[in-house]
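# Residue-level structural notes
One letter stands for each residue in the lines below.
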Amino acid sequence: MQYPNPAFEAYQGLGMTSQRTRNRLVERLIEKGINDDRVLDTMRIVPRHLFLDEAMSSRSYEDTALPIGYGQTISQPWVVAKMTQWLLESSTPIKKVLEIGTGSGYQTAILSLLADKVYSVERIQALSERAEITLSKLELENIQFSLSDGHWGWPDKAPFDAIISAASPAELPQELINQLRVGGRLVMPIGESRQLLYGFEKTPSKVIETCLGEVMFVPMKSGVEA
Ligand code: SAH
């Protein structure tokens, strides 16, 4: 197994958190239709157990969302894979990506290995700080964090080649489309009681919308919690 740096090797885990267990998760993702090798290879090496409480370790490689405290969840691996794959299908290479909802930092780690630079926004200070510590353990250094409300994107760093949100607003925040580069892609859930995953691709003249199916994410809330 080719790890991106020695920290990944050090945190690769044993038993229920071992490389074999991660490989089995990746086999399930393939069965469920994920076929981009860049996504599969990345999910094979990122130690998801590192982003969860010890008590949850043995469930780290189940294909389910799991609690991370503060009423939030780490996203389901299949959803992470599906969204990332959709972003990578773009003809525009991902130099700069904006992530809304850092949460545990798991999706952030995946993006960090696939993009030149990741800008990650979270509204709960404790989660943002914990994710920053976890990601520094993995020596991932191309990530910048912000404690802010993702409805507004990150204007100072725009435009982005890709934007991904793990929180579901009632409707598409127009500001996110504004911060997308022409040729760029945005993937996010939209809706309250019933959520659908949408992909948006910005062309010179319009925004092309694709529905990627029904999903279940936490709601996108307003303001920050310090
Ligand atoms: N990808 C993360 C998902 C965490 S759940 C992971 O796998 O761990 C979604 C996260 O979005 C939560 O941490 C929640 O606090 C955050 N969130 C909700 N509304 C937000 C907003 N307006 N701005 C930034 N983050 C938000």
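Residues numbered from 1 in each chain as written. Predicted model: local features only at pLDDT ≥ 70, side-chain atom pairs only at ≥ 80, totals over all residues. Heavy atoms only, no water.

### As for helix H3 (residues 37-45)
Every buried residue of H3 is listed here: Val-39, Leu-40, Thr-42, Met-43, Arg-44 and Ile-45. Where the residues of H3 are buried, they touch helix H1 (6-10), helix H2 (19-31), helix H4 (77-88) and helix H5 (106-114). N-capping of H3 is provided by Asp-36, with a side-chain oxygen placed 2.8 Å from the backbone N of Arg-38. (Buried < 20%, exposed > 50% of the residue type's maximum accessible area, 1.4 Å probe, protein only. Helix = DSSP H or I, 4+ residues; strand = E, 2+ residues; numbered from the N terminus. Contact = heavy atoms within 4.5 Å. Polar contact = N/O pair within 3.5 Å; in protein donor to acceptor, adjacent residues only side chain to side chain.)

### Re the nonpolar core
Residues Met-43, Phe-51, Val-97, Tyr-106 and Val-187 are the most contacted members of the largest nonpolar core, which totals 47 residues. Of all the elements in the fold, those that place two or more residues in this core are H2, H3, strand E1 (66-69), H4, H5, helix H6 (125-137), strand E6 (160-165) and strand E10 (207-215). Per-element accounting of this core gives the leading share, seven residues, to H4. In this structure Phe-51 touches Val-46, Ile-68, Ile-74, Ser-104, Gly-105, Tyr-106, Ala-109, Thr-134, Leu-135 and Leu-138, once residues within four positions along its chain are discounted. Membership of the second largest hydrophobic core comes to 19 residues, among which are Val-121, Ala-167, Leu-186 and Met-188. (Core = buried A, V, L, I, M, F, W, Y, C linked by side-chain atoms within 4.5 Å.)

### Some remarks on the site of the ligand
In the vicinity of the ligand there are 25 residues, among which Ser-104, Glu-122, Asp-149, Gly-150 and Lys-221 approach most closely. Separating a nitrogen atom of the ligand from a side-chain N or O atom of Asp-149 is a distance of 2.9 Å. Backbone polar atom of Lys-221 to a nitrogen atom of the ligand: 2.6 Å apart, as the coordinates give it. Protein contacts shield 99% of the accessible area of the ligand, which totals 580 Å² for the unbound molecule. When atoms are counted within 2 Å of each cavity's grid points, the one that captures over half of the ligand is the largest pocket. Of all elements in the fold, only strand E2 (72-74), strand E4 (117-122) and strand E11 (218-219) reach the threshold of two or more residues within the shell around the ligand. Per-element accounting of the shell around the ligand gives the leading share, three residues, to E2. Here the shell around the ligand is composed, by residue class, of ten nonpolar, eleven polar and four charged. (Near = heavy atom within 4 Å. Areas by Shrake-Rupley, 256 points an atom, 1.4 Å probe, with all protein chains shown as cover. 1 Å grid on protein atoms, 1.4 Å probe; cavity = no way out; pocket = protein on both sides within 12 Å on 5 of 7 lines; lining within 4 Å. Sits in = over half its atoms within 2 Å of the grid points. Nonpolar A, V, L, I, M, F, W, Y, C, P; charged D, E, K, R; others polar.)

### What to know about the side chain of Thr-102
In this structure, Thr-102 sits in the loop between strand E3 (96-100) and H5. Take Thr-102: its relative accessible area is 3%, and that puts it in the buried class. One polar contact links Thr-102 to Ser-120, side chain to side chain, over a distance of 2.7 Å. If near-sequence neighbours (up to four positions away) are discounted, Thr-102 is found in contact with Thr-108, Ser-120, Val-121, Glu-122, Ala-131 and Phe-145.

### Looking at the UniProt feature "active site" (unreviewed entry) in the protein
In the numbering used here, UniProt assigns the feature "active site" (unreviewed entry) to Ser-75. Structurally, Ser-75 is set in the loop between E2 and H4. Not counting the four nearest positions on each side in its chain, Ser-75 is found in contact with Arg-48, Thr-64, Ala-65, Val-80, Ala-166 and Phe-217. (UniProt positions renumbered as here; feature names shortened; annotations may be inferred.)

### Thoughts on the sheet that holds strand E8 (residues 180-190)
Two modes of strand pairing occur in sheets, parallel and antiparallel, and in both the strands are linked by backbone hydrogen bonds. One open sheet accounts for seven strands, arranged E5-E4-E3-E6-E8-E9-E10; its pairing is mixed. Only two strands of the sheet have a single partner each, and these edge strands are strand E5 (143-147) and E10. Recorded for the sheet is a direction-independent mean angle of 15° between the axes of neighbouring strands. Relative to E6, E3 runs parallel, the two being bridged by four bridges. (Pairing = 2+ DSSP bridges. Axes fitted to C-alpha atoms, helices over the stretch in contact; angles between N-to-C directions.)

### A look at the layout of surface pockets
The volume enclosed by the largest pocket comes to roughly 530 Å³. Counting residues per element, the ones that place at least two in the lining of the largest pocket are E2, H4, E3, H5, E4, E6 and E11. Taken together, the residues of the lining of the largest pocket break down into 20 nonpolar, 13 polar and five charged. Considering only enclosed or pocket space, the second largest pocket measures out at about 170 Å³ in volume. For the second largest pocket, the full set of lining residues is Leu-50, Phe-51, Leu-52, Asp-53, Met-56, Pro-67, Ile-68, Gly-69, Ser-104, Arg-130 and Thr-134. Taken together, the elements giving at least two residues each to the lining of the second largest pocket come down to E1 and H6. (Points joined across faces, edges and corners; volume = space filled by probe spheres on them.)

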